[in-house]
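Now for the letters of each chain:
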Amino acid sequence: MDFSTIKKTVGIFVLSMVAVSGFAQDIIARQAPSDKRLKDIRNVKLNNTAAISADLNNPAANIYTDWTDNLRSCTGAVPANYKIDLRGFCMPTTNRKINSNFGPRWGRQHEGMDVKVYIGDTIRAAFDGKVRICKYNGGGYGYYIVIRHPNGLETLYGHLSKQIVKKDQVVRAGEPIGLGGNTGRSNGSHLHFETRVLGQPIDPALMFDFVHQDVVSDYFVLQNGISKGNSVQSASTISTGSAQGNNRTARK
Ligand SMILES: [Zn+2]
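The rules behind these values
Residues numbered from 1 in each chain as written. Predicted model: local features only at pLDDT ≥ 70, side-chain atom pairs only at ≥ 80, totals over all residues. Helix = DSSP H or I, 4+ residues; strand = E, 2+ residues; numbered from the N terminus. Buried ≥ 20, exposed ≤ 12 C-beta atoms within 10 Å, placed from the backbone. Contact = placed C-beta atoms within 7 Å. Pairing = 2+ DSSP bridges. Core = buried A, V, L, I, M, F, W, Y, C linked by C-beta atoms within 7 Å.

A. Representation of the overall build of the protein chain. Helix and strand counts for the protein chain come out as three helices and 18 strands. Buried positions account for 35% of the 252 residues belonging to the protein chain. Here the contacts in the protein chain between residues at least 6 apart in sequence split such that 65% fall between residues at least 24 apart.

B. Up close: the sheet that holds strand β6 (residues 122-124). Strand order across the open sheet formed by three strands is β6-β12-β10, with antiparallel pairing between neighbours. Of all strands in the sheet, those with a lone pairing partner are β6 and β10 (162-163), marking the two edges. As defined by bridge partners, β6 adjoins strand β12 (residues 176-179) across three bridges and the pair is classed as antiparallel. Bridging across to β12, I123 finds its partner in G178.

C. Structural view of the nonpolar core. Membership of the largest hydrophobic core comes to 46 residues, with the highest contact counts inside it found for L86, F89, A125, Y144, I145, Y157 and L160. Broken down by element, the residue count for this core peaks at five residues, all from strand β8 (residues 142-148). With near-sequence residues (within four places) excluded, Y157 lies in contact with P92, I123, Y144, I145, I177, G178, L191 and F193.

D. Just the pairing of strand β7 (residues 129-137), in detail. As judged from the two bridges shared by β7 and strand β11 (residues 170-171), these two strands associate in the antiparallel manner. Among the inter-strand pairings, K130 is bridged to a residue of β11, identified as V170. As paired strands, β7 and β8 are joined by seven bridges and run antiparallel to one another. From the neighbouring strand, V131 faces β8, where its bridge partner is I147. Hairpin connection, β7 to β8: the antiparallel pair is bridged by four residues.

E. Broad picture of the pairing of strand β13 (residues 190-197). Of all the eight residues making up β13, eight are buried; the element is thus mostly covered by neighbouring parts of the structure. A two-sided burial pattern is seen for β13, the buried positions comprising H190, H192, E194 and R196 on one face and L191, F193, T195 and V197 on the other. Pairing between strand β5 (residues 113-116) and β13: four bridges, direction antiparallel. Bridge pairing links K116 to H190 in β13. In this sheet, β13 lies alongside strand β9 (residues 154-160) in antiparallel orientation, the contact comprising five bridges. Bridge pairing in β13 places T155 opposite T195. As paired elements, β13 and strand β14 (residues 200-202) share three bridges and run antiparallel to each other. If you follow R196 over to β14, its bridge partner there is P201. Counting the residues between successive antiparallel strands, the hairpin from β13 to β14 contains two residues, one of them, L198, with a positive phi of roughly 50°.

F. Examining the environment of N137 more closely. Residue placement: N137 occurs in strand β7. C-alpha of N137 to C-alpha of R185: the two residues are 48 residues apart in sequence and 8.7 Å apart in space. What N137 contacts, discounting residues up to four positions off in sequence, is G142, Y144 and G184.

G. Structural context of unusual backbone geometry. With phi around 50°, A60 is a residue other than glycine that occupies positive phi space. Note on placement: A60 falls in the loop between α3 (49-57) and β1 (82-85). Of note in the backbone geometry, Q213 takes a positive phi value of approximately 55° without being a glycine. Structurally, Q213 can be placed in the loop between β15 (208-209) and β16 (214-215). Overall, Q213 belongs to the partly exposed group, with 14 C-beta atoms counted inside 10 Å.

H. Just the environment of S161, in detail. Summarising the element assignment, S161 is placed in the loop between β9 and β10. C-alpha separation for the pair S161 and Y143, spaced 18 residues apart in sequence, amounts to 6.7 Å.

Now the structure itself:
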């Protein structure tokens, strides 16, 4: 190897290191600022590691009997007054702009909410959990991920440009799971975010307040349980935790 070849090789190596560290800095920059409450919760969890790993390997086994990679395969009635613990959450994105809400849209049901994100933005797991689905659906969600959480919720993240977790992987709240994108049936980059219990979609806005980057309350209670065919948007079947002894003031 003559001197100029060595010089070239070193040059290419240095350039690639700069590129990698630039990317890493970008990821780190997007992670800041960190959520103080999340850190507190993580500290508590260190004392409980054994119980939590059992829970994460088979999350919410009290209501789910199956573990498939079919989105709608989870069915069954939710127990009455099923209480979902929202503490330990992490907002999936730091973006606050809502492009579209849950509910009827263009003659069909929009089963989640759309939050503006840019291609490459870090998308994070909303709670500790286990990845149930990591797939591509060209006519719908694009690259998407479904995570089942010990609190009984499943969260779905759609239109990603990249998935950075794998099926059956255990993840922690706040862990990066993918990058924002515009894949599938999507017009402009955004995160399509769904919250489900036993396959039944529930309006994420009843639990997650993207504008204030917070949960609506510490607990969310499905008062009469839900099953296929019931309206899950009705106030009579859903209540936020404030009436059930929740000690935090719900944000409006
Ligand atoms: Zn959507």
